[in-house]
Amino acid sequence: MGLINERLRKLEQEAGGLYQTLTLRDGTKLMYEPEEMLDAIFAALDGEDHPLMPYIRSMDTPEGIPGLVRTLESSGEGEDGT
């Protein structure tokens, strides 16, 4: 089992450049591709949901992408195209 864990750890390190990491309040780290975050922003603009949205909404920061998503959702932008 140790060999498998070592190989998995090495693969995660090698793939690290392909992914971004979202750290949640409880310390959980969620890896995602940058395109997924862009898709989440477009979903917020269209008033739709995206698998990353619950994680983005749970972040405390009023800045960056979480702040942008909160602003879009609270302003109602995207719901009627205005």
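For the structure, check the block above.
Note that this is a predicted model, so its numbers are computed, not measured.

Novice: Explain the overall build of the chain to me, please; I cannot follow it from the model alone.
Specialist: Within the chain, the regular secondary structure consists of 4 helices and 2 strands. Scanning the chain from its N terminus toward the C terminus, one meets helices and strands in the order α-β-β-α-α-α. Within the span of the chain, comprising 82 residues, buried residues form 22% of the whole. Taking as baseline every contact in the chain between residues at least 6 positions apart, the subset at least 24 positions apart corresponds to 31%.

Novice: I keep staring at the environment of G67 and nothing clicks. Help me out?
Specialist: Examined against the element boundaries, G67 turns out to sit in helix α4 (residues 64-75). Sequence-wise, G67 and I56 are 11 residues apart; in three dimensions their C-alpha atoms are separated by 9.0 Å. Among all residues touching G67, those that are not within four sequence positions of it are T61 and P62.

Novice: How should helix α2 (residues 34-45) be read in this particular structure?
Specialist: The α-helix advances 3.6 residues per turn, and as a result positions three or four apart in sequence lie on the same side. Across its 12 residues, α2 extends 17 Å between first and last C-alpha, which sits within 8% of the 16 Å expected from 1.5 Å per residue. For α2, the full list of buried residues reads M37, A40, I41, A43 and A44. The buried residues of α2 all sit within an arc of 160° when viewed along its axis, so they share a single face. Looking at the buried residues of α2, the elements they touch are β2 (29-32), α3 (53-57) and α4.

Novice: Even after reading the chapter, I still don't get the nonpolar core, so can you show me in this structure?
Specialist: Counting residues in each nonpolar core, the largest one holds 12 residues, listed as L22, L24, Y32, M37, A40, A44, L52, M53, I56, M59, V69 and L72. When contributions to this core are tallied by element, the ones reaching two or more residues are α2, α3 and α4. A total of 3 residues in this core trace back to one element, the largest contributor, which is α2. Setting aside anything within four residues of it in sequence, one finds V69 in contact with A44, M53 and I56.

Novice: Any chance you could explain the side chain of H50 here in plain terms?
Specialist: Note on placement: H50 falls in the loop between α2 and α3. With sequence-adjacent residues up to four places away left out, H50 is seen in contact with E36, D39, A40 and A43.

Rules behind the numbers
- Residues numbered from 1 in each chain as written.
- Predicted model: local features only at pLDDT ≥ 70, side-chain atom pairs only at ≥ 80, totals over all residues.
- Heavy atoms only, no water.
- Helix = DSSP H or I, 4+ residues; strand = E, 2+ residues; numbered from the N terminus.
- Buried < 20%, exposed > 50% of the residue type's maximum accessible area, 1.4 Å probe, protein only.
- Contact = heavy atoms within 4.5 Å.
- Expected span 1.5 Å × (residues − 1).
- Arc of directions from axis to C-beta.
- Core = buried A, V, L, I, M, F, W, Y, C linked by side-chain atoms within 4.5 Å.

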